[in-house]
Every structure is written in structure tokens, then in C-alpha cells.
Amino acid sequence: MLDRNGIARRIAQELRNGWYVNLGIGIPTLVANYIPEGISVEFQSENGLLGMGPFPYEGEEDADLINAGKQTVTMLPGGSIFDSSMSFAMIRGQHIQLTVLGAMEVADNGDIANWKIPGKMVKGMGGAMDLVASADRIIVAMSHTNRKGHSKLLPACSLPLTGVKCVKRVVTNLAVLDVTPNDGFMLVERAPGVSIREIQDATAGRLIVNGDIPEMKM
Amino acid sequence: MNKIVKNAQEAIRGINDGMTLMVGGFGLCGIPENCISALVKLGARNLTCISNNAGVDDFGLGLLLQNKQIKKMISSYVGENEEFERQMLSGELEVDLIPQGSLAERCRAGGAGIPAFFTPAGYGTEVADGKEVRVFNGKPHILESALTADFALVKAWKGDQNGNLIFKGTARNFNPVMAMAGKITIAEVEHLVEPGQLDPNFIHIPGIFVQRIFEGVHYEKRIEQRTVRQRI
């Protein structure tokens, strides 16, 4: 089974040279710590920067330089700053090759819910709806089950949707799964030490298991 | 053209009960601190505020919320604010949550004379309720309308008497598009410089979009999430 950093490390293997990448808040942010050697990518943060670097050293925080999670960050040489409308032109115009974000629920047709629990929690969608409606390649990073042990990979989302039929791949603490347009989740890889049975038990949506499923190479 | 006013108090003259305001900033980054403080003192009520976020409990737009001056918020993300959540769940506060990119583009459209546009963001979600859907290139889009405001309150790094503005870092965010969409745009700047000191090639917002400008004082520039790495 993977921890949060393990999920981020596995997703980092998806990065390709020359890509522009938007990382959501939470586990997705950690992906930046595991860029494979020889791969050069640029991170976009939708509040208006490209070429985002690591967190600043203590004492060097700049209130005028934050990421979309409102965390203090730095810029790498060659980075750029722009306004919110241009930022979403990059997103909507599909100039970003990969979007990684968290979710509360993913359905086996690729629907995603991650912004609202009616009557309980309403934080808002932020940029998530623009991102999932536009990106070609959307990877969800999340735990396979919620705190109560219920599956987050469902036949249909029960929470208000963020986007429809948009998620392409899900990386959880248990597995890598691809969303097939008509047949549900296809199991691609197992997390180290996790059996197919465990993944089946934790997945409420339709799950396709074709033959032997390899373990992730970490 | 001299658009300089003395201070925030003078700048917000004319803001009355029931008006619609755009307020720049992303989280607490790039917010018009001086104008918000002056608005708290002025006490105008029943305001509709268009702003990406709603501040935190004791800073930014949170100050206007605590003071019950806001009737309606139009935002994309409102976490990190307990008073906001309380007022929203109790029904005291009307809230319209819209996707961040649609919010930015609706402001830009408002300033650019484009009454509406189609976007894929929000299709198939409750954001699309009651909105026209059209398919372009095989993909469904929803119709979003432009936003304008009686006053836009923005914050810039440098500005001159003509209203030309330069922003710093990610404090730019929503400020330029909101500056464009205000019927009256008030810019507060950290440094008000002499005409000619700003290189015209590097101006982010031309003064034509700004009606009043002043140099702000006592900027707190509060950091919401102070994240650092260790020196090795």
C-alpha cells in the first residue's frame, strides 16, 4: 500500500519531457518532489504563474508570491507571471498537457466530484471545473476509500459533480486504474504488496481485471 | 490626466448601500487592504461583492462579513473562513459559486464589451443549471454572461497619476480584469510614482481603466500559508 508520497511518486512517473503541468492542492502538490531524472517540466499554478519552484527558505517568504493553495513558493529562472484570465486561457485553451487533482468521488465513467458536500461543506470549486472540463489528460490522486472505509471509486458519484466523463486515470494507495469510456475502471497496476482481491473489495464501481496485473515499479 | 486622490476614504466616495463591488486579490495576496478598511469605517451595507475569495475571519473581505455589510458574494473558493460558512449555511448570506476561470473571463468580458461567451467549464454540473448549452467541435459548452461592477477596488505595486498600473508577482491575479470591469475603478498602489517613471512597455493595465488612484499605507500583506523548506 502507498502513502501520500508514494501516490505522488507513482504519478511523477507519468511526466514527460516538455510538459506544462497543473498540480492541485494536497497529494498532487507533492508530485513536484519526484520529477524523474532527465525530465524537464514546468508547473503552472492557476493564480497566475508558470515555472513555479520549491517552497522558499525560511526568511525568504514573499507575500506576493504564492501558489493556488495560497502557500508561499518561489519562481525558477525562465518563469512568468500573468493575470487570472490569461491563466485560464492556458487551461481552457489546452496548452497544459497534464492536470493532477484530488477527488472525493470518481465514477466509473470518469465523472468527478470534489467541491461540495451539501449541507456540510461548501468551499467552492476554485479552478477545478475549468481544469477538468478542458484538460486532455486528467489524473486523480486520492485514497481508494474514505475515512469510513467506503469506496471512492463508484458506479456513479453521489456528491455534486465537478466535471463529467473527464478523468482518464486514477492513482490511489492501492492501484493505478484507467477509466474506459464504456466499461468502467480497468486495473493497470497494483501497489506494492496489494492483491487484486483487496482492490476488488475496495472498488464499488465496475472493475475490469485482465489477466495478471503487475505491481507498480517504484 | 491627474486621477490622484488623497487616501482610501476619499477614493471610496460614492460607494453606497446595495452597490456591486469587484475586489481584486487571490486569497489575501494582492487585496486592496486600504479600501477594505475604509469600507468597514464607511459602513455601506447590502453590498454584492465579486471576489475570487472571501478573505479570512479577521482580514480581507472577512472584515466586511464580520460587520454584516455583504449581502451576496460571487466567488470561486471560500474555504478558510468560518464566519462566511456560518452566514452561508444559515442563509444570511447569498452565495454564487462559479468556476475560477469563468469568473476571470466574465470580468474580462465585462470590461471588454463582450456580453457573454461559451465555456466548457461547469457543463453537466449544477453550475450549468438554467444556462444555455451549445455544442462546438463535438463538445458541450455553457453560456456565461459578463460581469461589471459599480466600483472595482484593485491593488497594484506601482502606479502613476494617469492610472497606469504595474503589479508584482502573483498579486496580479484578478486585479487587471477587475480594473477593466469597474464603472469606477479605484487603484491603491504601494508606490505612486511621477509620470514618465513607468516604462510604457511594461505597464500591465493602461490608465484608461482606472478612475482614481492613491498610495496606500501600512500594508500588512498577510501570508495565509507560510510554507518553507529547510536549509540543508
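The paragraphs below set out a description of the structure included in this document. (Residues numbered from 1 in each chain as written. Chains lettered and ligands numbered in written order. Predicted model: local features only at pLDDT ≥ 70, side-chain atom pairs only at ≥ 80, totals over all residues. Heavy atoms only, no water.)

## Thoughts on the overall build of chain A
Defined as follows: Runs of H or I in DSSP of at least four residues are treated as helices and runs of E of at least two as strands, each being numbered from the N terminus. Atoms considered for the radius of gyration are the C-alpha atoms alone. The globule rule reads 2.2 Å times the number of residues to the power 0.38. The buried label applies to any residue whose accessible area, calculated with a 1.4 Å probe on protein chains only, is under 20% of its type's maximum; exposed applies above 50%, and partly exposed to all values in between. The contact criterion used throughout is that any non-hydrogen atoms of two residues lie within 4.5 Å. The Shrake-Rupley method, run with a 1.4 Å probe, gives the accessible areas here. Residue values count only the displayed protein chains as cover. Charged residues are defined here as Lys and Arg on the positive side and Asp and Glu on the negative side; His and the ends of the chain fall outside this count. One atom stands in for each charge, and that atom is NZ of Lys, CZ of Arg, CG of Asp or CD of Glu.
A count of helices and strands for chain A gives 5 helices and 15 strands. The C-alpha atoms of chain A give 17 Å as radius of gyration, which agrees with the globular expectation for 218 residues (17 Å, within 12%). Across its three principal axes, chain A shows a C-alpha extent of roughly 50 × 40 × 30 Å. Every one of the 218 residues in chain A was classed for burial, and the buried ones make up 57%. Taking the intrachain contacts of chain A between residues at least 6 apart in sequence as the baseline, contacts between residues at least 24 apart amount to 59%. For chain A, the exposed surface amounts to about 9100 Å²; the carbon and sulfur share of it is 50%. The distance from the centre of the 20 positive side-chain charges to the centre of the 23 negative ones in chain A is 8 Å.

## Remarks on the interface of chain B and chain A
Accessible area lost upon the coming together of the parts serves often as the stated size of an interface. Applicable threshold: Accessible area, probed at 1.4 Å, shrinks when two parts are joined; the buried area is that loss added up over both. Here, a salt bridge means any Lys or Arg side-chain nitrogen found within 4 Å of an Asp or Glu carboxyl oxygen. Here a polar contact is taken to be a pair of N or O atoms separated by no more than 3.5 Å, where protein atoms must pair a possible hydrogen donor with a possible acceptor and residues adjacent in sequence count only if both atoms sit in side chains. Lys, Arg, Asp and Glu make up the charged group, whereas Ala, Val, Leu, Ile, Met, Phe, Trp, Tyr, Cys and Pro make up the nonpolar group; the residues left over, Gly among them, are polar.
Each partner contributes to the interface: chain B provides 51 residues, whereas chain A provides 50 residues. Around 4300 Å² of area is buried between chain B and chain A when both sides are counted, 57% of it from carbon and sulfur atoms. There are 6 salt bridges connecting chain B and chain A. For the salt bridge of Asp64(A) with Lys168(B), the shortest nitrogen-to-oxygen distance reads 3.2 Å. Inspection of the region where chain B meets chain A yields 27 residue pairs in polar contact (both at pLDDT 80 or more). If you tally residues by element for the side of chain B that touches chain A, the top one is helix α5 (residues 100-112) of chain B, at 6 residues. When its residues are assigned to classes, the side of chain B that touches chain A shows 20 nonpolar, 17 polar and 14 charged.

## Focus: the pairing of strand β6 (residues 133-136) of chain B
All names here are of chain B. Definition in use: Each pair of strands is called paired provided DSSP finds at least two bridges between the two strands.
Here β6 runs beside strand β7 (residues 139-145); their pairing, made up of 4 bridges, is antiparallel. Of the residues in β7, the one forming a bridge with Val 133 is Ile 142. From the end of β6 to the start of β7, which pair antiparallel, there are 2 residues, and Asn 137 there has a positive phi angle of about 50 degrees.

## Examining the pattern of salt bridges
Inspection of every chain in the model, using the stated rule, returns 23 salt bridges over all chains. A salt bridge links Lys168(B) to Asp62(A); the shortest N-O distance between them is 3.9 Å. Here Lys168(B) is found in the loop between β9 (165-166) and α6 (175-181), whereas its partner Asp62(A) is found in the loop between β3 (49-52) and β4 (75-81) on a different chain. Residue classification places Lys168(B) among the partly exposed positions, given a relative accessible area of 29%. Linked through salt bridges whose partners overlap, the residues forming this network are Asp62(A), Asp64(A), Lys155(B), Lys168(B), Glu190(B) and Lys221(B).

## Topic: unusual backbone geometry
Residue Lys70(A) is not a glycine yet carries a positive backbone phi of 65 degrees. Along the polypeptide, Lys70(A) turns up in the loop between β3 and β4. Note on Lys70(A): relative accessible area 5%, which makes it buried. Despite not being glycine, Asn46(B) has its phi angle at roughly 55 degrees, a positive value. Along the polypeptide, Asn46(B) turns up in the loop between α2 (33-42) and β2 (47-50).

## Remarks on the nonpolar core
We apply this condition: Definition used in this section: a nonpolar core is a set of buried Ala, Val, Leu, Ile, Met, Phe, Trp, Tyr and Cys residues joined via side-chain atoms within 4.5 Å.
With 50 residues, the main nonpolar core has Ile11(A), Val21(A), Val106(A), Ile112(A), Val140(A), Val167(A) and Val170(A) as its most contacted residues. The residues touching Val106(A), leaving out its near neighbours within four places in the chain, are Asp111(A), Val140(A), Met142(A), Lys152(A), Leu153(A), Leu154(A), Cys157(A), Val167(A), Val170(A) and Phe185(A). If you look at the next biggest cluster of nonpolar residues, it comprises 37 residues, including Met129(A), Ala38(B), Ala44(B) and Phe84(B).

## Looking at α5(B)
Our working rule: Under the convention used throughout, the expected extent of a helix is 1.5 Å for every residue step, that is, one less than its residue count.
With 13 residues, α5(B) should reach 18 Å at 1.5 Å per residue; the first-to-last C-alpha distance of 18 Å fits that figure. Of all the positions in α5(B), only Gln100(B), Gly101(B), Ser102(B), Leu103(B), Ala104(B), Glu105(B), Arg106(B), Cys107(B), Ala109(B) and Gly110(B) are classed as buried.

## Overview of α2(B)
Three or four residues apart is the spacing at which side chains of an α-helix point the same way, because the helix has 3.6 residues per turn. All names here are of chain B. Turning to α2, its buried residues are Glu 33, Asn 34, Cys 35, Ile 36, Ala 38 and Leu 39. Contacts from the buried residues of α2 go to α1 (8-11), β1 (20-23), α3 (62-66), β8 (149-160), β10 (182-193) and β11 (212-215). Residue Gly 43 follows α2 closely and has a positive phi angle near 80 degrees.

## Thoughts on empty space enclosed by the protein
What counts here: The distinction between a cavity and a pocket rests on a 1 Å grid over the protein atoms alone: a 1.4 Å probe fits inside a cavity but cannot get out, while a pocket stays open yet meets protein on both sides within 12 Å along at least five of seven lines, and a residue with an atom within 4 Å of a point counts as lining. Grid points are joined across faces, edges and corners, and a volume is the space filled by probe spheres set on the points.
This model, assessed by the stated rule, comprises 4 cavities of 30 Å³ or more. Put simply, the largest cavity is a space of about 70 Å³. Considering the residues around the largest cavity, the lining is formed by Ala63(A), Asp64(A), Leu28(B), Cys29(B), Gly30(B), Ile31(B), Glu33(B), Lys155(B), Tyr219(B), Lys221(B) and Arg222(B). Taken together, the residues of the lining of the largest cavity sort by class into 5 nonpolar, 1 polar and 5 charged. A volume near 60 Å³ is recorded for the second largest cavity. Lining the second largest cavity are Val23(B), Gly24(B), Gly27(B), Leu28(B), Ile31(B), Ile36(B), Ser51(B), Asn53(B), Ala54(B), Gly55(B), Gly60(B) and Leu61(B). A per-class count over the lining of the second largest cavity returns 6 nonpolar, 6 polar and no charged.

## Notes on the side chain of Thr170(B)
In this structure, Thr170(B) sits in the loop between β9 and α6. Classification of Thr170(B) by relative accessible area gives buried; the value is 0%. Apart from the residues lying within four places of it in its own chain, the contact partners of Thr170(B) are Asn47(A), Gly48(A), Leu49(A), Asp64(A), Leu65(A), Ile66(A), Ile81(A) and Cys29(B).

## Describing the sheet that holds β7(B)
Residues and elements named next belong to chain B. Selection criterion: As a rule, the C-alpha atoms of each element are fitted with a line to give its axis, helices using only the stretch in contact, and angles between N-to-C directions run from 0 to 180 degrees.
An order of β5-β7-β6 is seen for the 3 strands of this open sheet, with the pairing classed as antiparallel. Among the strands making up the open sheet, the edge pair consists of β5 (116-119) and β6. Ignoring strand direction, the axes of neighbouring strands in this sheet form an average angle of 40 degrees. With 4 bridges connecting them, β5 and β7 associate as antiparallel partners. Along β7, the bridge assignment pairs Thr 119 with Ile 142. Where α5 meets the sheet, its contacts fall on β5 and β7, and the angle it forms with β5 comes to roughly 155 degrees.

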